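# Secondary and tertiary structure notes
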Amino acid sequence: MRLVLLGPPGAGKGTQAAYIVERFAIPHISTGDIFRKNVKEGTELGQKAKDYMDKGQLVPDEVVVAIVEDRLKEKDCSDGFLLDGFPRTVNQAEQLDSVLTKMGVEIDWVININVKKETLIQRAVGRRICRNCGATYHITFKATKKEDICDVCGGEVYQRNDDTEETVTKRIEVYIKETQPLIEYYSKKQSLITTDGEQDIHKVYKDILAALGE
Ligand code: AP5
Ligand code: MG
Ligand code: ZN
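No experiment lies behind these values; they were computed from the predicted model shown.

## Section: the pairing of strand S3 (residues 81-84)
- Side chains of S3 alternate between two faces, with Phe 81 and Leu 83 and Leu 82 and Asp 84 buried alike.
- Relative to S3, strand S1 (residues 2-6) runs parallel, the two sharing four bridges. Looking at S3, one finds that Arg 2 is bridged to Phe 81.

## Here we look at the pattern of salt bridges
- The final tally for this structure, using the stated rule, is 18 salt bridges.
- Note that Glu 178 is salt-bridged to Lys 177, the shortest N-O span being 3.6 Å.
- By relative accessible area, which is 63% here, Lys 177 ends up exposed.

## Focus: the coordination of the zinc ion (ligand 3)
- Protein ligation of the zinc ion (ligand 3) involves Cys 130 (SG), Cys 133 (SG), Cys 150 (SG) and Cys 153 (SG), the donor distances falling in the range 2.3 to 2.4 Å.
- Metal-centred angles of 98 to 115° between the four donor atoms at the zinc ion (ligand 3) mark the site as tetrahedral.
- With a relative accessible area of 2%, Cys 130 lands in the buried category.

## Brief notes about the side chain of Thr 167
- Tracing the backbone shows Thr 167 in helix H7 (residues 165-179).
- When near neighbours in sequence (up to four residues on either side) are disregarded, Thr 167 contacts Met 53, Asp 54, Lys 55, Gly 56 and Asp 162.

## Some remarks on the packing of helix H4 (residues 61-72) against helix H5 (residues 90-103)
- Close contact between H4 and H5 brings their axes to 10 Å; oriented N to C, the two are set at 25°. As far as their axial angle goes, H5 and H4 are roughly parallel. In the crossing of H4 with H5, the sense of the turn from one axis to the other is right-handed. Every residue of H5 that contacts H4 at Asp 61, Val 64, Val 65, Glu 69 and Leu 72 is listed here: Asn 91, Gln 92, Gln 95, Leu 96, Val 99, Leu 100, Lys 102 and Met 103.

## Topic: the environment of Ser 98
- Inspection of the secondary structure assignment puts Ser 98 in helix H5.
- For Ser 98, a relative accessible area of 39% translates into the label partly exposed.
- Within the structure, the side chain of Ser 98 is placed 3.1 Å from the backbone oxygen of Gln 95, a separation counted as a polar contact.

What counts as what
Residues numbered from 1 in each chain as written. Chains lettered and ligands numbered in written order. Predicted model: local features only at pLDDT ≥ 70, side-chain atom pairs only at ≥ 80, totals over all residues. Heavy atoms only, no water. Buried < 20%, exposed > 50% of the residue type's maximum accessible area, 1.4 Å probe, protein only. Helix = DSSP H or I, 4+ residues; strand = E, 2+ residues; numbered from the N terminus. Pairing = 2+ DSSP bridges. Salt bridge = Lys/Arg side-chain N within 4 Å of Asp/Glu carboxyl O. Donors = N, O, S within 2.8 Å, 3.2 Å for Na, K, Ca; no water. Tetrahedral: all angles 85-135°; square planar, octahedral: opposite > 155°, others 65-115°. Contact = heavy atoms within 4.5 Å. Axes fitted to C-alpha atoms, helices over the stretch in contact; angles between N-to-C directions. Parallel < 35°, antiparallel > 145°, perpendicular 65-115°, else oblique. Left-handed = near helix turned anticlockwise from the far one by under 90°. Polar contact = N/O pair within 3.5 Å; in protein donor to acceptor, adjacent residues only side chain to side chain.

Have a look at this one:
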């Protein structure tokens, strides 16, 4: 199964991705996670990406596309993958199409998670992430059992630099301008599934599985 998760910042892409990749045993490719890992490790790529991320802007297409192309050529992607947060511009989507054509494969489904702006801000600002294993929590909707300690691995949970109300608002503006046009792009290709992301986490997941025919 080759899937793309589309949706505004804080919609629940990462949350749903964790369930979907386990269910279908496919790799989870989140460009945001790849950039955050590189920022943490202080690599050249991390240094390039950090300024854009902190300002809520997109990292340039050529940088992102090259990373995804390399990742898709790895062996664990041969039977499927889930892309989370990529593509994010029409140009990225066109370049992804040509990469996949060269590989002789295509995207099966693009899952769009629909959530309104006020909910997005509340979700992103309250989000907490484990520094060690990356598990995602929310101070209200998915709290850790012990304050600031990850349920899974005992690691420390933290708030992302770009999860302030101001930066989230900027990210939503960028989403509307740059990424929202992909909804039309993929609906023309008849590969789009839209889910109501306002529902609770498990109901959203159930709807996604049903739409995938599971
Ligand atoms: P990225 O990390 O991809 O951020 P994003 O797209 O803005 O999305 P988020 O990760 O913020 O949200 P999500 O949809 O994954 O929500 P989550 O499941 O965590 O990108 C970060 C930056 O990297 C970009 O701004 C850009 O600079 C750069 N970048 C990345 N990809 C790029 C690309 N392709 N091109 C250029 N630049 C790129 O959920 C959010 C919170 O809500 C959590 O706390 C969760 O517990 C909670 N929650 C989730 N679902 C529900 C629910 N149904 N009910 C209640 N709470 C819920
Ligand atoms: Mg995410
Ligand atoms: Zn953890």
